[in-house]
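Here are the chains, one letter per residue:
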Amino acid sequence: MFDDLKNKHIVITGASQGLGLAMAQKFTSHGALVAMLDIHEPKQKPEGKTMFFHCDVTNKKNIEEVAAKIQNVDVLVNNAGILRDASLFKMTEEQFDQVLNVHTKGAFLMTQAFAAKMKEAKSGSIINLSSVASQGNFGQTNYACAKAGIIGMTKTWALELSRYNIRVNAIAPGLIETEMTASIPEDIRKSMVEKIPFKRMGTPAEIAHLTTFLASQASSYIQGQVIHINGGYYL
Ligand SMILES: NC(=O)c1ccc[n+]([C@@H]2O[C@H](COP(=O)([O-])OP(=O)(O)OC[C@H]3O[C@@H](n4cnc5c(N)ncnc54)[C@H](O)[C@@H]3O)[C@@H](O)[C@H]2O)c1
């Protein structure tokens, strides 16, 4: 189904662990070449053709240096993320700025740099990571704001970049088993799982599968959409 991904050039931010690492593994299993961008070294090296680039997505100069080293890009996945949770009155300005910087400004800077290459090639697929939290989540003023912002940017870029045959879509996962969710206190995580009709968290592989679908020609007429993948959480 994803044969067209063979030898495609994929750029993934935040690829050293969690969802980004699972995506890198899935893409290489289809014969794609993956540039893994992160501020930390990868927890493990996926089989297949990958290359690690140290890249802080909040740093425009750093992004431009990496973009200069990567000639072709067919697919960009804006996946890098952090949590700095606190309720409204406890959240510091720094916590707010940090989260907005990584998720929204990071996706903006990365897309500016790499969509320029797609524009020249008149082809590309950009996949942005949003979240169920975009609809509001206790203790996540900063994260909800960032993930709702991601949806706004996704739709804006879909409108602006369609003329260059670039597709832009977002994935909005629910609760997925990664290092990020492992940081949520056990009792809170349990009560969240109780609200999921499937009564389980999602796996990184399930998100990676959707990412490859949105990257491949199998989804060639899907544009500007937010695909929710949350085990029925919204029901
Ligand atoms: N895990 C979930 O349940 C879940 C749910 C919804 C959305 N998401 C989103 O999916 C994405 C991946 O989440 P995850 O669970 O794999 O998180 P994670 O914490 O396991 O991995 C995030 C990766 O991003 C990297 N990163 C952080 N700041 C960076 C920066 N400035 N520049 C480059 N890389 C940076 C980290 O080093 C890490 O490798 C995030 O955008 C997250 O918000 C996750």
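Residues numbered from 1 in each chain as written. Predicted model: local features only at pLDDT ≥ 70, side-chain atom pairs only at ≥ 80, totals over all residues.

Participant: Go over the sheet that holds strand β6 (residues 166–173) with me, naming the residues and quoting the values.
Facilitator: Taken in spatial order, the 7 strands make up an open sheet running β3-β2-β1-β4-β5-β6-β7, and their pairing is parallel. The open sheet has two free edges, formed respectively by β3 (50–54) and β7 (226–229), since each of these has just one partner strand. The mean inter-strand angle of the sheet, taken between neighbouring strand axes irrespective of direction, is 20 degrees. Where β6 and β7 come together, 4 bridges link them in parallel fashion. Following the sheet pairing, P173 is matched in β7 by I229. (Pairing = 2+ DSSP bridges. Helix = DSSP H or I, 4+ residues; strand = E, 2+ residues; numbered from the N terminus. Axes fitted to C-alpha atoms, helices over the stretch in contact; angles between N-to-C directions.)

Participant: Just give me the short version of the site of the ligand, but keep the residues and values in it.
Facilitator: Taken together, 29 residues form the shell around the ligand, and within it G14, G18, G81, T178 and M180 come nearest. At the level of secondary structure, the elements contributing two or more residues to the shell around the ligand comprise α1 (18–29), α3 (93–121) and α5 (179–182). (Near = placed C-beta within 6 Å.)

Participant: Before we move on, can you summarise the nonpolar core with the specific residues and values?
Facilitator: Core analysis: the largest hydrophobic core is formed by 54 residues, its most contacted members being I10 and I12. With 8 residues, the single largest contributor to this core is α3. The residues contacting I12, other than those within four sequence positions of it, are G20, M23, A24, V34, M36, L37, V77 and N79. (Core = buried A, V, L, I, M, F, W, Y, C linked by C-beta atoms within 7 Å. Buried ≥ 20, exposed ≤ 12 C-beta atoms within 10 Å, placed from the backbone. Contact = placed C-beta atoms within 7 Å.)

Participant: Which residues make up unusual backbone geometry, and what are the values?
Facilitator: One non-glycine residue with positive phi stands out, namely K122, at about 55 degrees. Assessed through the 10 C-beta atoms surrounding it within 10 Å, K122 is described here as exposed. The phi angle at K199 is positive, at roughly 55 degrees, despite the residue not being glycine. Mapped onto the fold, K199 is located in the loop between α6 (186–194) and α7 (204–215).

Participant: Describe α1, with residues and values.
Facilitator: Between its terminal C-alpha atoms α1 stretches 17 Å, which fits the 16 Å expected from 12 residues at 1.5 Å a residue. Extensive coverage of α1 is indicated by the burial of 10 of its 12 residues. Residues of α1 that are buried make contact with β1 (9–13), β2 (33–38), β3, β4 (75–78), α5 and α7. Phi turns positive, to about 85 degrees, at G31, one or two residues after α1. (Expected span 1.5 Å × (residues − 1).)

Participant: Describe the pairing of β4, and please don't skip the residues or the numbers.
Facilitator: Going residue by residue along β4, you find V75 and V77 tucked away on one face and L76 and N78 tucked away on the opposite face as well. Across 3 bridges, β1 lies against β4 in parallel orientation. Its bridge partner lying in β4, I12 is registered against V77. Alignment of β4 against strand β5 (residues 124–129), held across 4 bridges, turns out to be parallel. Among the inter-strand pairings, N78 is bridged to a residue of β5, identified as N128. As for the winding sense of the linkage, the β-α-β connection from β4 through α3 to β5 is right-handed. (Right-handed = clockwise from strand over helix to strand, strands pointing away.)

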